[in-house]
Amino acid sequence: MASGLEGVVAAETVLSHVDGERGELIVRGLPLQVLATQGFERAAILLWHGFAEADRLGPARERAFERLGQWLPTAAARTVPEAMRLALAALPDSAGAEEIAATVPVSLAGMLRARKGLMPVAPDPQQRTAADFLRMQRGAPPSAAEAAALDTYLTVVIDHGLNASTFTVRVVASTRASLAAAVGAGFAALRGPLHGGAPGPVLDMLDDIGSAERIDAWLEAALARGDRLMGFGHRVYRVRDPRADALKAALQRLAPTTPRLAFAELVERRALALLRRHRPGRALDTNVEFYAALLLDALGLPRDAMVSVFAMSRVAGWIAHALEQRRTGRIIRPASRYIGPAPAVAA
Ligand code: ACO
C-alpha cells in the first residue's frame, strides 16, 4: 500500500494539475506563468466559476470587519494561527465563498494590530485584496511595488492539486458539512511545517546559519540529525517547483539585490548539493516555501503570520474544491487494512 497515499487518485478535478516530472502547474487551463499575471481576485473567481466575473471581495471584506468584535477580544492572548482558527470558527454555516475568503485578510490584519494594542483599520472595498490587507495591517497604504509583490504571491499559491489541506477540505465537504467548516479543517491541515507552515522555519534556518562560512557545517549537521531542510523537497515535484521561480522573480521586482537574497541563494545552492549527496535516489529540489518566506519577509510580515497569509490565498482554492466535491454527491470514505490482533476466542 502506498504510504501517505502517494500517487493515489482520489478526485477528478477541472481546477488544477501538477506535473511533477516536468515542473508544471496548470490552473483552470492556464499555465502558472499566465495565471501569475491575472491577479488574485480574477484567479479566485476563475476557480469558483470558470470564467471572470466582477470582484465581490471588497464588499465582503466590509461584512467581515463587522464580525471582528465577535472573536477579536478573545484572541489577544493567542498565537496568530490560533486566532485565525477562532476567526474561521466565527463564520456562520451559511457563509458563502466571498464571505469566507474575505474573512482571512480582515481577521489577520485585525489580529496583527490587536496584539500591538492597536485598533483595527476598516477595509476599503475599492482596493484589491493584497493592497487592502497591507493597508489594514500597517495603518498606511503600501507602495505599488509591495502591493504587486503580495498580489503575485496570492495568485501563484492559490491552488495546487490534491495537497494535504485541499484533500482535507474535500473530505469534509463530501460529508455535506458547511463550506466554512470545510475551510476551517483545511486551515488546520495547512498549519503544519511539512505543508504551509514552512516559511517561518525557513527564515529561522537562514538566521541560525548566519554567515556564509557556516552554511555547509550547519546543513550537514541538520541532515546528520535526520532533520528536514525547510523549503526543499515535495511530494509531487521531482524538479524545481515552478512557483519558486515565480516568487523569486516577484521578490527581485520588489528589491533587485539584497544581502539577504544573496545569502539565501548561497544556502539554496549548498542545500541542493548536499541533498543530492544525502538522498542520491530521490530528486529533492527547492519548493514554493523557500522564496515565499523571503518574499513575505521582505514585505515585513511576521513569521508567525505567514501560514495565515498563505491561507488568505489558498482559501480560494479550498472553496473551489469543496464546491466541486459537493457536486459529486459522494462521501469520501476510503478503507483501512486491519493489522491488529485477532479477537481472542473464548475457551
Ligand atoms: N530535507 C531532508 N530530507 C528530505 C527532505 C528535506 N527537505 N525532503 C525529503 N527528504 C527525505 C525524506 O526524509 C525521505 O527519506 P526517508 O524515506 O528516509 O524518510 C526522502 O527524502 C524521500 O522523501 P519524499 O518521499 O520525497 O518526501 P515526502 O513526499 O514524504 O514529503 C515533504 C514531502 C513533506 C514536502 C518533504 O520534502 C519535507 O518535509 N520538506 C521540508 C518541509 C517543507 O519544505 N514543507 C513545505 C512543502 S511545500 C507545501 O506544502 C506548500
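One structure accompanies this document, and this report is about it. Please read these numbers as outputs of a predicted model, since none were measured by experiment.

Definitions and limits used
- Residues numbered from 1 in each chain as written.
- Predicted model: local features only at pLDDT ≥ 70, side-chain atom pairs only at ≥ 80, totals over all residues.
- Heavy atoms only, no water.
- 1 Å grid on protein atoms, 1.4 Å probe; cavity = no way out; pocket = protein on both sides within 12 Å on 5 of 7 lines; lining within 4 Å.
- Points joined across faces, edges and corners; volume = space filled by probe spheres on them.
- Helix = DSSP H or I, 4+ residues; strand = E, 2+ residues; numbered from the N terminus.
- Expected span 1.5 Å × (residues − 1).
- Buried < 20%, exposed > 50% of the residue type's maximum accessible area, 1.4 Å probe, protein only.
- Core = buried A, V, L, I, M, F, W, Y, C linked by side-chain atoms within 4.5 Å.
- Contact = heavy atoms within 4.5 Å.
- Near = heavy atom within 4 Å.
- Polar contact = N/O pair within 3.5 Å; in protein donor to acceptor, adjacent residues only side chain to side chain.
- Areas by Shrake-Rupley, 256 points an atom, 1.4 Å probe, with all protein chains shown as cover.
- Salt bridge = Lys/Arg side-chain N within 4 Å of Asp/Glu carboxyl O.
- Pairing = 2+ DSSP bridges.
- Nonpolar A, V, L, I, M, F, W, Y, C, P; charged D, E, K, R; others polar.

### A short note on the layout of surface pockets
Moving on, step 1. Here the second largest pocket is characterised by a volume of approximately 230 Å³.
Moving on, step 2. Residue lining of the second largest pocket: 14 residues in total, with Ala10, Ala11, Phe167, Ile332 and Arg333 positioned closest to the centre.
Moving on, step 3. When contributions to the lining of the second largest pocket are tallied by element, the ones reaching two or more residues are helix H8 (164–174) and helix H15 (306–328).

### A look at helix H12 (residues 242–254)
Moving on, step 1. Here H12 spans 19 Å end to end across 13 residues, near enough to the 18 Å set by a 1.5 Å rise per residue.
Moving on, step 2. All of the buried residues in H12 are Pro242, Arg243, Ala244, Ala246, Leu247, Lys248, Ala250 and Leu251.

### Some remarks on the nonpolar core
Moving on, step 1. With 104 residues, the main nonpolar core has Trp48, Leu108, Leu150 and Tyr153 as its most contacted residues.
Moving on, step 2. Ranked by residues supplied to this core, first place goes to H15 with 12 residues.
Moving on, step 3. When sequence neighbours within four positions are dropped, the list of residues in contact with Leu108 reads Val80, Met84, Phe133, Ala305, Ser308, Val309 and Met312.

### Overview of the site of the ligand
Moving on, step 1. Of all residues adjacent to the ligand, which total 22 residues, the nearest are Leu229, Phe232, Arg235, Arg282 and Asn287.
Moving on, step 2. Residue Arg279 places a side-chain N or O atom 3.0 Å away from an oxygen atom belonging to the ligand.
Moving on, step 3. Between the ligand and the protein, one listed contact pairs an oxygen atom with a side-chain N or O atom of Arg282 at 2.7 Å.
Moving on, step 4. Starting from 920 Å² of accessible surface for the ligand in isolation, the protein chains cover 79%.

### Considerations on the pattern of salt bridges
Moving on, step 1. All chains considered together, the criterion is met by 24 salt bridges.
Moving on, step 2. Across the salt bridge formed by Asp132 and Arg61, the nearest N and O atoms sit 2.9 Å from each other. Taken as a pair, Asp132 in helix H6 (residues 129–138) and Arg61 in helix H3 (residues 57–75) lie far apart in primary sequence, 71 residues in all. With respect to class, Asp132 is no different from Arg61; both count as buried.
Moving on, step 3. Through salt bridges that share partners, Asp204, Asp207, Arg260, Asp297 and Arg303 make up one connected network.

### Focus: the sheet that holds strand S1 (residues 16–19)
Moving on, step 1. The strand order across the open sheet built from 3 strands is S1-S2-S3, with neighbouring strands paired in antiparallel fashion. Each edge of the open sheet is held by one strand with a lone partner, namely S1 and strand S3 (30–31).
Moving on, step 2. As judged from the 2 bridges shared by strand S2 (residues 24–27) and S3, these two strands associate in the antiparallel manner. Each bridged residue has a counterpart across the sheet, and for Ile26 the counterpart in S3 is Pro31.

### A look at empty space enclosed by the protein
Moving on, step 1. Counted under the stated rule, the structure contains 2 cavities of 30 Å³ or more.
Moving on, step 2. For the largest cavity, the calculated volume is near 40 Å³.
Moving on, step 3. Among the elements of the structure, H3 and helix H5 (97–114) are those that each provide at least two residues to the lining of the largest cavity.
Moving on, step 4. The leading source of residues in the lining of the largest cavity is H3, at 3 residues.
Moving on, step 5. Looking at the lining of the largest cavity residue by residue, the class counts come to 4 nonpolar, 2 polar and 1 charged.
Moving on, step 6. Approximately 40 Å³ is the volume attributed to the second largest cavity.

### Focus: the side chain of Glu98
Moving on, step 1. Here Glu98 lies in helix H5.
Moving on, step 2. Those residues in contact with Glu98, other than ones at most four positions away along the chain, are Trp48, Arg56, Leu57 and Ala60.

### Here's the deal with the environment of Ala76
Moving on, step 1. Inspection of the secondary structure assignment puts Ala76 in the loop between H3 and helix H4 (80–89).
Moving on, step 2. With 51 residues separating them in the primary sequence, Ala76 and Gln127 have C-alpha atoms 27 Å apart.

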